[in-house]
Amino acid sequence: MNALLPPAKVFDQLYFVGQNAESAWALDTAEGIVLFDALENEEQAREIIIPGLKAVGLDPARLRYIVITHAHGDHYGGAEFLRKAYGARLISSAPDWAAMDAMRARGKADGPEGALMPPVRIEGKDMTITDGEALKLGATTLRFYVTPGHTAGTVSTIFDVSDHGRRHVAAFFGGFGAPRDPMQRYPHIASMRRFADLAAKTGADVMLANHPVQDGAFEKLELLRYRRAGDANPFVVGPDKLARYYKLQATCSQLGLEERAIRFYVIPILHSDPDTKAEHPPDRIIKHRAAKGRGAVVEHIVDLEIDLRGLAQLVIAANV
């Protein structure tokens with residue numbers, strides 16, 4: 001079992017009930033609890049999520065929905081157990097339901113850091129969300145978006161929270177990690193850019209993720225423990241930092257594409273055609289070869305040029 005993080009109340013109606021490798025977030029509404037992700041397996045759901053809910057004063061019997069942010073086993077492994085134990089309805093997208101079925105059929109599920117894990121049988125495909133669909137629970141409205149990239153049907157969500165009665169807007173992107181398949185990085189980048197625009201339009205100022213390392217939950221949960229009256233909530237980063245963080249994540253995916261293109265396309269080109277190196281600066285080498293149809297990846301790379309100095313500045317500015 002992964003190391004534990006103490007369950008915590010983060011906003012008036014939002015609670016952390018996960019562990020150090022994966023997050024699980026519980027949103028308390030007038031019509032029941034919405035749980036985002038169910039950790040890796042039944043054991044973790046039973047021994048981490050359920051005690052965590054009770055520790056923050058929530059009754060697991062009020063579990064109404066479980067949102068599976070994406071079809072990797074470390075996020076939905078405990079979902080079927082919670083569905084059967086408490087009658088919670090499972091939510092995902094059509095592409096990710098299909099992915100979960102495929103993993104069960106082959107007897108292996110994608111897990112953390114690309115490791116394979118035993119697949120869990122999901123019997124309760126209770127709700128298949130579409131892009132832009134809203135779920136209203138009392139005064140709380142969750143707006144779901146299908147943001148492909150990390151998986152084919154990653155689910156991202158925007159919803160209101162409050163901190164001592166003051167309204168904030170949470171943007172929960174369902175899969176920050178760059179896909180291992182380089183060609184899936186194109187939709188991943190596009191999804192992050194699109195979701196950043198959607199978050200900006202709502203005035204989102206809270207960033208949530210499904211791994212503590214991605215949204216800084218390790219440090220922020222500790223800061224909350226020692227928060228004094230009048231101190232800012234560390235999970236409220238503001239719209240500007242939120243936008244920079246999405247830009248940084250997209251840039252990291254772009255760099256992975258550029259590295260692949262340089263390794264598999266540009267370097268072989270230079271070795272096979274030394275005269276080209278003499279005639280053109282490096283940026284024109286890529287464009288020159290792309291014009292000859294040397295590879296679609298290279299053509300994309302021309303549109304994803306990165307200023308490394310600018311990236312370093314972005315990393316500093318996006319310290320959320």
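For clarity, every value in this text was computed on a predicted model and none was experimentally measured.

Scoring rules and cut-offs
- For every chain, the first residue of the written sequence is number 1, and numbering continues from 1 along that sequence.
- Totals for whole chains, interfaces and linings use all residues, but because this is a predicted model, local features are given only for residues with pLDDT of at least 70 and pairs of side-chain atoms are given and counted only at 80 or more.
- With hydrogens and water stripped out, all remaining heavy atoms of the structure feed into the side-chain values.
- Think of it this way: any DSSP run of H or I at least four residues long counts as a helix, any run of E at least two long counts as a strand, and we number them from the N terminus.
- Think of it in three bands: residues with accessible area under 20% of the maximum for their type are buried, residues over 50% are exposed, and the middle band is partly exposed, with areas taken using a 1.4 Å probe on protein chains only.
- Looking at any residue, its pLDDT shows the predictor's confidence there, from 0 to 100.
- The criterion used for residue contact is that any of the two residues' heavy atoms lie within 4.5 Å.
- Note on pairing: DSSP must find at least two bridges between two strands before they are called paired.
- Axis lines are fitted through C-alpha atoms, for helices just across the contact stretch, and the angle between N-to-C directions can take any value from 0 to 180 degrees.
- Note: the arc covers the axis-to-C-beta directions of the helix.
- Two aromatic rings from Phe, Tyr or Trp, using only the six-membered ring of Trp, form a pair when their centres are within 6.5 Å; if the ring planes differ by under 30 degrees the pair is stacked, by over 60 it is edge-to-face, and anything between is tilted.

Asker: It is not clear to me how the environment of Leu-4 should be interpreted in this structure. Could you clarify?
Answerer: In this fold, Leu-4 is placed in the segment before strand 1 (8-11). For Leu-4, a relative accessible area of 54% translates into the label exposed. Counting along the chain gives 14 residues from Leu-4 to Gly-18, while the straight-line C-alpha distance between them is 7.6 Å.

Asker: Can you walk me through the confidence of the model for the protein in this structure?
Answerer: As a general rule, the predicted coordinates of low-pLDDT regions are not to be interpreted in detail. Per-residue pLDDT for the protein averages 83, and the proportion of residues at 70 or more is 77%. Note on residues 273-306: pLDDT is under 50 here. Beyond four places in sequence and across chains, it has 43 contacts.

Asker: Which parts of the structure should I look at to understand the sheet that holds strand 12 (residues 155-163)?
Answerer: Consider a sheet: its strands pair through backbone hydrogen bonds, and that pairing is either parallel or antiparallel. Strand order in this open sheet of five strands is 10-11-12-13-14, and the pairing throughout is mixed. The open sheet is flanked by strand 10 (134-137) and strand 14 (206-208), the only strands paired with a single partner. The average angle at which neighbouring strand axes cross in this sheet is 25°, direction not considered. Direction of pairing for strand 11 (residues 140-146) relative to strand 12: antiparallel, over a ladder of four bridges. Counterpart to Phe-144 in the pairing with strand 12 is Thr-157. Across the face of the sheet, helix 5 (residues 185-202) comes into contact with strand 11, strand 12 and strand 13 (166-172) while running at roughly 25° to strand 12.

Asker: Whenever I open this one, helix 3 (residues 79-86) confuses me. Can you help?
Answerer: One turn of an α-helix holds 3.6 residues; hence residues three or four places apart share an orientation. Every buried residue belonging to helix 3 is among Ala-79, Glu-80 and Leu-82, and all of these are buried. Projected down its long axis, helix 3 shows its buried positions confined to an angular sector of 165°, all on one face. Buried residues along helix 3 sit against strand 4 (32-36), helix 1 (42-55), strand 5 (63-67), helix 2 (73-76) and strand 6 (89-93).

Asker: Would you take a moment to explain the sheet that holds strand 6 for this structure?
Answerer: One open sheet accounts for seven strands, arranged 1-2-3-4-5-6-9; its pairing is mixed. Sheet topology places strand 1 and strand 9 (127-129) at the edges, where each strand pairs with a single neighbour. This sheet shows a mean twist of 25° between the axes of neighbouring strands, independent of strand direction. The sheet strands contacting helix 4 (residues 94-106) are strand 6 and strand 9, and the helix crosses strand 6 at an angle near 105°.

Asker: What is the right way to look at the packing of aromatic side chains in this model?
Answerer: Within a pair of aromatic rings, the relevant descriptors are the distance that separates the centres and the angle that separates the planes. Tallied over the entire structure, the rule returns eleven aromatic pairs. Aromatic pair Phe-36 and Phe-172: ring centres 5.2 Å apart, planes at 35°, arrangement tilted. Of this pair, Phe-36 sits in strand 4 while Phe-172 is found in strand 13, placing the two residues 136 residues apart along the sequence. Considering the side-chain rings of Phe-173 and Phe-195, the 5.6 Å spacing of their centres and the 50° angle between planes classify their relative orientation as tilted. Remark: Phe-195 occurs in helix 5 and Phe-173 occurs in the loop between strand 13 and helix 5; sequence separation between them is 22 residues. Taking the relative accessible area as the measure of exposure, Phe-195 reaches 0% and is therefore buried. One aromatic cluster is present, formed by Tyr-145, Phe-173, Phe-176, Phe-195, Tyr-245 and Tyr-246 through successive ring pairs.

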